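Coordinate inspection notes
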Amino acid sequence: MSEYHDVFLRPGSPRDRLVSDISWACAAELRPVDSEFIDYAANLGHAAVELEFTHEYEKDHGMSFENYDSLFTVRDFDSNLARQEATARRIFDNLASLARYEMILVRDLQELIASSGAATE
């Protein structure tokens with residue numbers, strides 16, 4: 001089973017600003033995707049960033065996912081977990097520098113790695 005890094009964030013609107021900010025943070029343009037769950041995605045060469053405007057995750061492992069509007073997933077194409085986490089942290093830190101979002105960075109929906117402007121409860 002694959003392990004991913006997710007960033008849950010709020011506010012998830014306005015959506016055009018969210019897409020623009022994440023594109024800036026990952027240095028790649030997010031483009032619309034025709035998928036049931038993924039709304040926008042970007043290819044970073046070694047990884048994908050996949051944005052969902054909404055989700056149905058609820059409180060688990062002490063993290064109240066339902067408090068966050070949107071999320072994006074960082075998925076390394078070679079399952080290189082160290083590189084995947086470094087990529088997720090870089091994007092997270094770039095977004096945090098904008099001071100527009102409350103966010104949590106989690107590993108595999110089980111472990112809180114970082115938070116910015118937000119509490120997990």
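Residues numbered from 1 in each chain as written. Predicted model: local features only at pLDDT ≥ 70, side-chain atom pairs only at ≥ 80, totals over all residues. Heavy atoms only, no water.

A rise of 1.5 Å per residue sets the reference length of helix α2 (residues 81-96), with its 16 residues, at 22 Å; its end C-alpha atoms lie 22 Å apart and thus fit the reference within 8%. Turning to α2, its buried residues are Gln84, Glu85, Thr87, Ala88, Ile91, Phe92 and Leu95. End-on view of α2: buried residues confined to an arc of 160°, all on one side of the axis. The secondary structure elements touched by the buried residues of α2 are β1 (5-10), α1 (15-26), β4 (47-52), β5 (70-76), β6 (102-107) and β7 (111-116). Where α2 begins, one side-chain oxygen reaches toward the backbone nitrogen of alanine 82, 3.3 Å away; that side chain belongs to asparagine 80. (Helix = DSSP H or I, 4+ residues; strand = E, 2+ residues; numbered from the N terminus. Expected span 1.5 Å × (residues − 1). Buried < 20%, exposed > 50% of the residue type's maximum accessible area, 1.4 Å probe, protein only. Arc of directions from axis to C-beta. Contact = heavy atoms within 4.5 Å. Polar contact = N/O pair within 3.5 Å; in protein donor to acceptor, adjacent residues only side chain to side chain.)

Turning our attention to the packing of α1 against α2. As a packed pair, α1 and α2 sit with axes 8 Å apart at the nearest point and diverge in direction by 125°. One way to sum up the angle between α1 and α2 is to call them oblique. In the crossing of α1 with α2, the sense of the turn from one axis to the other is right-handed. Between α1 and α2, the residues in contact are Asp21, Ile22, Trp24, Ala25 and Cys26 and Arg90, Ile91, Asn94 and Leu95, respectively. Classifying every residue of the contact of α1 with α2 by side-chain character gives 6 nonpolar, 1 polar and 2 charged. (Axes fitted to C-alpha atoms, helices over the stretch in contact; angles between N-to-C directions. Parallel < 35°, antiparallel > 145°, perpendicular 65-115°, else oblique. Left-handed = near helix turned anticlockwise from the far one by under 90°. Nonpolar A, V, L, I, M, F, W, Y, C, P; charged D, E, K, R; others polar.)

Geometric descriptors of this kind do not, in isolation, establish any biological role.
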